[in-house]
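If you want the building blocks of each chain, they are given just below.
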Amino acid sequence: MAFSQSLIEVDGCKVNLRRGGSGQPLLFLHGASGAPAVLPFMEKLAERFDVLVPEHPGYGLSDEPEWLENIHDVAYFYLDFLRSLRLDKVTLVGSSMGGWMAMEMAVRDTSRIGSLVLVAPAGIRAPGVEPADIFLLPPEEVVRRLFFDPKLAAARLAEPMTPEGLDMSLKNRHTTARLAWEPRLYDPNLAKWLHRIDVPVKIIWGKEDRILPAAFADHYRKLFPKADIEIVPDCGHLPHVERAERFCDSVVRFACK
Amino acid sequence: MPYAELDLEAGRKNGTVWVTLPNSNFDPQVGHRLYNRFLDELEYGEQLGFDVVAVNEHHQTAYGLMPSPIVTASALARRTTKAKIAILGSALPLRSHPLTIAEEHAMIDVISGGRLISGFVRGIGAEYHTFGVNPTFSHDRFHEAHDLIVRAWTEIGPFAFHGHHYNLQYVNLWPRPYQKPHPPIWIPSQGSKETIDWASHPDRKYTYLQTFSPSKVVARYLKMYRDTCAGYGYQAKDSQLGWSVPVYVSSSDSKAIEEARAHFEAFRNVFIRMPLEMLLPPGYTSRESLKNVMKAKAQMFGDVTIEQAIDLGLFVCGSAETVRRVFEGHWREMRFGNLLVSCQFGTLPADLTRRNMEMFAREVMPALKAL
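Calculation rules
Residues numbered from 1 in each chain as written. Chains lettered and ligands numbered in written order. Predicted model: local features only at pLDDT ≥ 70, side-chain atom pairs only at ≥ 80, totals over all residues. Helix = DSSP H or I, 4+ residues; strand = E, 2+ residues; numbered from the N terminus. Rg over C-alpha atoms; globule rule 2.2 N^0.38 Å. Buried ≥ 20, exposed ≤ 12 C-beta atoms within 10 Å, placed from the backbone. Contact = placed C-beta atoms within 7 Å. Domains from an automatic or database assignment. Nonpolar A, V, L, I, M, F, W, Y, C, P; charged D, E, K, R; others polar. Pairing = 2+ DSSP bridges. Core = buried A, V, L, I, M, F, W, Y, C linked by C-beta atoms within 7 Å. Expected span 1.5 Å × (residues − 1). Axes fitted to C-alpha atoms, helices over the stretch in contact; angles between N-to-C directions. Arc of directions from axis to C-beta.

A. Structural detail: the overall build of chain A. Per the secondary structure count, chain A includes nine helices and eight strands. Since a compact globule built from 257 residues should have a radius of gyration of about 18 Å, the 17 Å found for chain A is in line with a globular shape. Reported as C-alpha extents along the three principal axes, the dimensions of chain A are approximately 40 × 40 × 35 Å. Looking at chain A as a whole, 46% of its 257 residues qualify as buried. Taking the intrachain contacts of chain A between residues at least 6 apart in sequence as the baseline, contacts between residues at least 24 apart amount to 74%.

B. Looking closely at the domain arrangement of chain B. Residue and element names in this part refer to chain B. What the domain assignment lists for chain B is domain 1 (1-183) and domain 2 (216-371). Across the contact, 27 residues belong to domain 1 and 25 residues belong to domain 2. Those elements that provide at least two residues to the side of domain 1 that touches domain 2 are helix H1 (8-14), helix H2 (28-47) and helix H5 (125-131).

C. Looking closely at the interface of chain B and chain A. Contacts between chain B and chain A engage 14 residues on the former and eleven residues on the latter. Split into classes, the residues belonging to the side of chain B that touches chain A amount to seven nonpolar, five polar and two charged.

D. Examining the environment of B:Lys82 more closely. In this structure, B:Lys82 sits in the loop between helix H3 (69-79) and strand E2 (84-91). Residues B:Lys82 and B:Gly49 lie 33 residues apart in sequence; the distance between their C-alpha atoms is 9.2 Å.

E. Broad picture of the pairing of strand E10 (residues 338-342) of chain B. All names here are of chain B. Taking burial as the measure, the five residues of E10 include four buried ones, the bulk of the element. Pairing analysis gives five bridges linking strand E8 (residues 241-250) to E10, with the strands arranged parallel. Considered in E10, the bridge of Pro-246 is made with Ser-342.

F. Layout of unusual backbone geometry. Residues and elements named next belong to chain A. The omega torsion of the bond from Glu-182 to Pro-183 falls at -10 degrees, within 30 degrees of zero and hence cis. Along the polypeptide, Pro-183 turns up in the loop between helix H6 (163-180) and strand E7 (201-206). Phi is positive for Arg-86, close to 50 degrees, though the residue is something other than glycine. Positionally, Arg-86 belongs in the loop between helix H2 (71-84) and strand E5 (90-95). What makes Arg-86 exposed here is the crowd of 8 C-beta atoms within 10 Å. If you check the backbone angles, Lys-89 has positive phi at about 50 degrees while not being a glycine. Residue placement: Lys-89 occurs in the loop between H2 and E5.

G. Representation of the nonpolar core in the model. Counting residues in each nonpolar core, the largest one holds 99 residues, and the members touching the most others are B:Ile85, B:Val247 and B:Phe360. Of the residues forming this core, the biggest block, seven residues, is contributed by helix H9 (residues 253-271) of chain B. Contact partners of B:Ile85, with chain neighbours within four places excluded, come to B:Val53, B:Ala73, B:Leu76, B:Ala77, B:Thr80, B:Ile108, B:Ser112, B:Arg115, B:Leu116 and B:Ile117. A:Leu29, A:Met42, A:Leu45 and A:Val93 belong to the second largest nonpolar core, which has 70 residues in total.

H. Spotlight on H6(A). The end-to-end C-alpha separation of H6(A) is 25 Å, in line with the 26 Å expected for 18 residues at 1.5 Å each. Those residues of H6(A) lying buried are A:Asn172, A:Arg173, A:His174, A:Thr175, A:Thr176, A:Ala177, A:Arg178, A:Leu179 and A:Ala180. Packed against the buried residues of H6(A) are H2 and helix H3 (97-108) of chain A together with helix H11 (287-295) of chain B.

I. Here's a closer look at the sheet that holds E7(A). All names here are of chain A. Here eight strands make up an open sheet; going across it, the order is E1-E2-E4-E3-E5-E6-E7-E8 and the pairing mixed. One side of each edge strand has no neighbouring strand; the edge strands of this open sheet are strand E1 (3-10) and strand E8 (228-232). Each strand axis lies, on average, 20 degrees off the axis of its neighbour in the sheet, ignoring direction. Here E5 pairs with strand E6 (residues 113-119) via six bridges, running parallel. Bridging from a neighbouring strand, Thr-91 pairs with Ser-115 of E6. In the packing of H2 onto the sheet, the strands contacted are E1, strand E2 (13-20) and E5, and the crossing angle to E1 comes to about 110 degrees.

J. Just helix H14 (residues 320-334) of chain B, in detail. All names here are of chain B. With 15 residues, H14 extends 21 Å from end C-alpha to end C-alpha; this agrees with the ideal 21 Å at 1.5 Å per step. Where H14 is concerned, the buried positions are Val-323, Arg-324, Phe-327, His-330 and Met-334. Projected onto a plane normal to the axis of H14, the buried residues spread over an arc of 135 degrees and lie on a single side. Opposite the packed face of H14, turned more than 90 degrees from it, sit the exposed residues Gly-329 and Arg-332. For H14, the secondary structure elements touched by its buried residues are helix H8 (215-231), E8, strand E9 (316-319), E10 and helix H15 (350-369). Phi turns positive one or two residues past the end of H14, at Arg-335, with a value near 50 degrees.

Structure representation (structure tokens):
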């Protein structure tokens, strides 16, 4: 499935958008390490959906707007993005930081959102569970912790770092810090408004997640009593990468029912 | 003001004495002895004729026992009578409210009868980890806090201050500072163009203090400061330039190296050491500066011997004659009006620290003051 790539301007900010497939719209919001390429799970989802994968403001090839100061700015930006592209009944899928953004959008306005898929989302603090310190761990160790299968981590670490790749990773890291340094990876005011989310919610978590441990899912069970929660065995922080087939099947079953 | 009796092996094993070294390594009994020893040494500095005694701020580390330099400076304000007291500096962005710094510095200035030199810093990268403050807002918070403090010191209140990070309906400082218009402001830095552009600006003309850097780097940044002033259309006074450097003086060059070796190398290779992610969190520096540090990583993060440090001019060590000659040479090149010498570093014990201070004060300082 071919993906097109273009710069879309919303709120004075150009974002790099990859888009492919046809069907109902599915907006994928990436996590802290960005979305620099079309991955197999995107291709697979594009068989059933019109898949949109933007690089967030401050990430990848997108602009770094002056107004970008916190996660709420991102939420308002993406609500404007949905309106600007006239997207409706969107399946909103967010991984990690992207899951946090998706929740921040949905507590504000679900009028263009059909359903919500949260993949090991950040954004909520769970008593007694600590995320890994992605800012203090050596970057190679963060990569190792992303995956359950060490071969996947080794393969990613073996990819040569180009000057452009280095610039992008420093840019992504900067924006992640801006949005999530303090409070660390959560918004203390988010949990109290989650009841406003009036669309079906699915939560997917890798059982062996060493960035945001799967114990977080127990807490989400209380916050989203009606949510469909799926724990994926032998899987780390990125179920859409590490268990792409299963992930896509789950999303299709959930969103197309 | 290090925790000089640190189990160095524990520090080495942990990879750093910052942020993550468990505070079980701190013994309050030892701490009691060390605080009083260091305060005695600072007071002794005045007796020996030093013009300034200086303290600094670092958090949650065995590197320095002064999370609040306000406490040490306050103690010195009452126990000294002539020397200036320099706080180098207070880490503005780390405070939830910078007005507390305006108040505390003003108190020390009034108590000491106008002997305070106020230093402002951003705090080092590690402190953004320990304090949780977002490093990507560090510059913004620093500038806004600075503006609030200087206005609080100089404007008659009450007035309102509406910033992006700090907001007050009533700024009305009691006490106002003793010195007019306010205590001198010094900006300690490890070297940054942005800092130099800001500190040297004609509205400020703050003294720029290059800290613990190879002498070539010191020369480069002090020249950059002078050039920037010239670019602003004025000539920098020597008093706007300063250099802060560890120093050790003994009876001969070889004796000095022999006595200082273990203590300096502990300072350089254990107390200062930290990983890149701790030193430079995202946004603390520009991404270009960060990339330059990443390139120089091997050199910056490896061990340095005392001989290498002396060669680099990172450390000035030797007989009184050697130390005098080295500083005279550097002064001719750089014309720094202020020289801050760290006479204690790392694990250097009390007896050697005192003798170092005495020899520097009696056999080196008079010649340098005469320059």
